[in-house]
Amino acid sequence: MLTRRALAVTVIPIAVALLQPLAFAGSPSPLAVADAAAVLDPARITQRRLLAHVRFLASDQLEGRDSASRGNELATLYIASHFEQLGLEPVGSTPDGATGPRRFFQPFRLAATAFENVSLEVDGQPLRPGPDFAIFPWSGGGRATSELVFCGYGITAPEHDYDDYDGIDIKGKVVLVLRHEPRERERESWFEGRTHTRHARFDTKLENAIRHGAAGLVLVNDPIHCGGQRHFGSSGGRAISGLAGGANGDGDRPDDDGGPGIPFVFAGKRLVEQVSRAIDLEALQREIDASRQPRSRATGVQVTLGLDRRRETLPTWNVAAALRGADPAVRDEWVVIGAHLDHEGIRGGEVMNGANDNASGTAALLEIAGAFVHQPVRPRRSVLFIAFNAEEKGLLGSRYYVEHPLVPLDQTVAMINMDMVGRSTRNTVLAMGGFYCHVLDRSARLALERAGIAEPNFAGSRVNARSDHFPFFAREIPVLVFHSDDEGDYHQPGDDVEKLTLDMMQRIVHAVADTTWMVANAAERPRFRRLQRF
C-alpha cells in the first residue's frame, strides 16, 4: 500500500502532467493594466481542461476528499501545484521554511471526535453503522438500554404553545424524534411558515432531549417532508465538529467541549421499518400537524444504544494564491474568488466522489486563475484565488479565513463563490447576492448574457447560509454565489463525473470568469448595500 507521501509524490505529478500539453508558460507584465472596459478572453477555459480537473479530484483515489483525510491532502497539493505552475504568488501562512506547493497553504485545526465501540440494537437486531445509522459529530458518549419512546419532533416551544415532551417521562430512556418541525412547508404553520426556526435544528433537539433527562436520542427523517432522504453523519471512526479552539462550526453545531452529553444518532430506513411494526410514524406526524397536540408515547420497542468517544484535533488547510493588481490607484483592493475543495469522504463503504459538489467549482477556480494569468493585461485590482476546506463540516475553512484573513477584509471589495456549477438541465444558473451590490449585479447580468445563459435566477434579496460566501456576507462584504440548477445525487454516491453537463458547465464558468474580471476592473469600488429596517 502506498503511503500518503508516496501517493503525493506519484499521483500529483501524473495528474498535472495530463494537462501539460495545454499548460501555460510565463507571466504577463505587471506593468500592463486593464481599463474598466477591458473584456476577458475566456477561450482558454475549455471543456477538456475542466473535465480533466474534475476527473482527478472526483476519482476514487481521492476517497471523497473528506477533511483531514489522505485524499483531501492530495487534492490540496494538486490545487497548490497548479497555482505554483501558473506563477501565482503564494500568500498562505505556512511556517517559514516550507517549500513547493505547501507555500500556498493556510493551515488551521479542526476539533474532531473519535467514536469507538459503536452499537445500536432494535429488539435484539443489530444495526450497522453506515448503512443503517450515522453518528452526529457532536454526539456524547455513553450507553443505554430502554424501551424506545417516540416524542414527535422533539420540540419544546412555549412561545408557540407547543411541547412534544408534555405529559411524558423520558428520564433514562432512548428517545425517537422526527427531523424538522410541524407543518414546515405551509405558510399557516404555527411556527414561522416556510422558514425554519431554531427548533428544527439538530443541536436544539439534542439540548432539549438532555434537558428532559433522555439517555440517548435517535433522529429519523420525517415521513411527510423528507422520508425519501438518506441519513447522514459519521459512520464511526472520526467526526469533525468544528474549529479547534472553541470556534463554532455553524448554526447547527454547538461548540463541543467534551462535556456531558448523550449518544445522538441519525437512523435510516431499516430502523424506521422496525419501529413501524409498532407505531405508524407517518400517521402520528399527520395527527400532530393537524391538531397541534403532541402524540408522544412508548413504542414497546426495546433499544440499546451506545458508543465511546474521545476528543482530538486534526490539521487541515485552505489553499490560496494571489494575482496582484497593476493599477496603483486600486491595487490594494481585493476581489476574492473561491470554491470549496472538500466533500463527504467514504460513507457506508461507498466513495462520495463529489464531482459536482464541488470538484466542479474547484476545477472552475483553477481554470479561471489560468485565464487571468494569461490575459495580455493585468486586472486593476488584486485577485485572491482560494480553495476552502471543511465547507461540508460547517463552512469551517471560510469561517477561519474571515477570522484570519490573508488580505485585509476592509480592502476586500467582493467575494465570488462557486458551489456546484457542473450540472444544469436547463439554460440557467443561480447567481445570488447581487441584490446587495449594484456593481456585482450589473457585472453578473452582463456576463451571463455574454455566455448565452438565457434564464439566470438572481434570487432577489435571498442569500442562503449554506456555502463559503456567507461568512463574507455576514461581514457586509459584497458576494455573488453561482450554483447550477441540477442538484441530483446531492451528497450521494451517484455524484460522478459522467453526469456533468459540460457544455453548460463551460458556459457558467465563462460567466463567472467574466464577472470576476469586470469586478476587478470596475471604475467604481463595489460597496455593500444595507437594507433599510423600519
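Quick note: structure is the one above.
Draft legend 1. Geometry of the overall build of the protein. In terms of helices and strands, the protein carries 12 helices and 19 strands. Within the span of the protein, comprising 534 residues, buried residues form 57% of the whole. Expressed as a percentage of contacts within the protein between residues at least 6 apart in sequence, the contacts between residues at least 24 apart total 84%. Entry remark: accessible area of the protein is about 21200 Å², with carbon and sulfur atoms responsible for 48%.

Draft legend 2. Quick peek at the packing of helix α3 (residues 70-85) against helix α8 (residues 355-373). Where α3 contacts α8, the axes come no closer than 10 Å and their chain directions differ by 10°. Viewed along their axes, α3 and α8 adopt a mutual orientation that is roughly parallel. Facing α3, whose interface residues are Tyr-78, Ile-79, His-82 and Phe-83, α8 presents Thr-362, Leu-365, Leu-366 and Ala-369. Grouping the amino acids of the contact of α3 with α8 by side-chain chemistry returns 6 nonpolar, 2 polar and no charged.

Draft legend 3. Quick peek at the packing of aromatic side chains. For the structure shown, the criterion picks out 19 aromatic pairs. With a centroid separation of 5.0 Å and an interplanar angle of 15°, the aromatic rings of Phe-105 and Trp-317 are classed as stacked. Taken as a pair, Phe-105 in strand β2 (residues 105-122) and Trp-317 in strand β12 (residues 297-323) lie far apart in primary sequence, 212 residues in all. Classification of Phe-105 as buried rests on a relative accessible area of 3%.

Draft legend 4. Main features of unusual backbone geometry. Of note, the amide linkage connecting Asp-357 to Asn-358 takes the cis form, showing an omega dihedral of 0°. Looking at where Asn-358 falls in the secondary structure, it is placed in helix α8. One non-glycine residue, Arg-292, lies in the positive phi region at around 65°. Positionally, Arg-292 belongs in the loop between α7 (281-291) and β12. Phi at His-491 takes a positive value of approximately 55°, unusual for a residue other than glycine. Tracing the chain through its elements places His-491 in the loop between β19 (479-483) and α12 (502-521).

Draft legend 5. Main features of the pairing of strand β11 (residues 264-267). Neither face of β11 is open: one carries Phe-264 and Phe-266, the other Val-265 and Ala-267, and all of them are buried. Sheet topology note: the strand β4 (residues 133-135)/β11 ladder contains 3 bridges and is antiparallel. Note on β11: the bridge partner recorded for Ala-134 is Phe-266.

Draft legend 6. Layout of the packing of helix α10 (residues 438-450) against α12. Contact geometry for α10 and α12: axes closest at 8 Å, N-to-C directions at 140°. Considering their axes alone, α10 and α12 lie oblique with respect to each other. Crossing geometry of α10 relative to α12 is assigned as right-handed. Counting all contacts with α10, which are made through Leu-440, Ser-443, Ala-444, Leu-446, Ala-447, Leu-448 and Arg-450, the residues of α12 involved are Ala-511, Asp-514, Thr-515, Met-518 and Val-519.

Draft legend 7. Looking closely at the pattern of salt bridges. Inspection of the entire model under this criterion finds 29 salt bridges. Among the salt bridges present, the one from Arg-445 reaches Asp-441, with a minimum N-O distance of 3.0 Å. Here Arg-445 and its partner Asp-441 are both found in helix α10, 4 residues apart, which amounts to about one turn of the helix. On the basis of relative accessibility, which here comes to 41%, the residue Arg-445 falls in the partly exposed class.

Parameters at a glance
- The residue numbers shown here count from 1 along each chain, following its written sequence.
- A pLDDT threshold of at least 70 governs which residues receive local features in this predicted model, and a stricter bar of 80 or more applies before side-chain atom pairs are shown or counted, although totals over entire chains, interfaces and linings include all residues.
- Each side-chain value is worked out from all heavy atoms of the structure, with water and hydrogens disregarded.
- Strands here mean DSSP runs of E at least two residues long; helices mean DSSP runs of H or I at least four residues long; both are numbered from the N terminus.
- Working definition: with a 1.4 Å probe on protein chains only, accessible area under 20% of the residue-type maximum means buried, over 50% means exposed, and in between means partly exposed.
- Only heavy atoms matter for contacts: two residues are in contact if any of them lie within 4.5 Å across the pair.
- Using the Shrake-Rupley algorithm and a 1.4 Å probe, accessible areas are obtained, with residue cover drawn only from the displayed protein chains.
- For helices, the fitted axis covers only the stretch in contact; all axes are lines through C-alpha atoms, and the angles between them, taken along N-to-C directions, range from 0 to 180 degrees.
- Should an angle fall under 35 degrees it is called roughly parallel, over 145 degrees roughly antiparallel, and 65 to 115 degrees roughly perpendicular, with every other angle called oblique.
- Polarity classes work like this: nonpolar for Ala, Val, Leu, Ile, Met, Phe, Trp, Tyr, Cys and Pro, charged for Asp, Glu, Lys and Arg, and polar for all others, with Gly in that last group.
- Stacked, edge-to-face and tilted labels apply to pairs of Phe, Tyr and Trp rings (six-membered ring for Trp) whose centres lie within 6.5 Å, assigned for plane angles under 30 degrees, over 60, and everything in between, in that order.
- At least two DSSP bridges between two strands are needed for those strands to be called paired.
- Should the near helix be turned counterclockwise from the far one by less than a right angle, the crossing is left-handed, whereas a clockwise turn marks it as right-handed.
- The term salt bridge refers to a side-chain nitrogen of Lys or Arg lying within 4 Å of a carboxyl oxygen of Asp or Glu.

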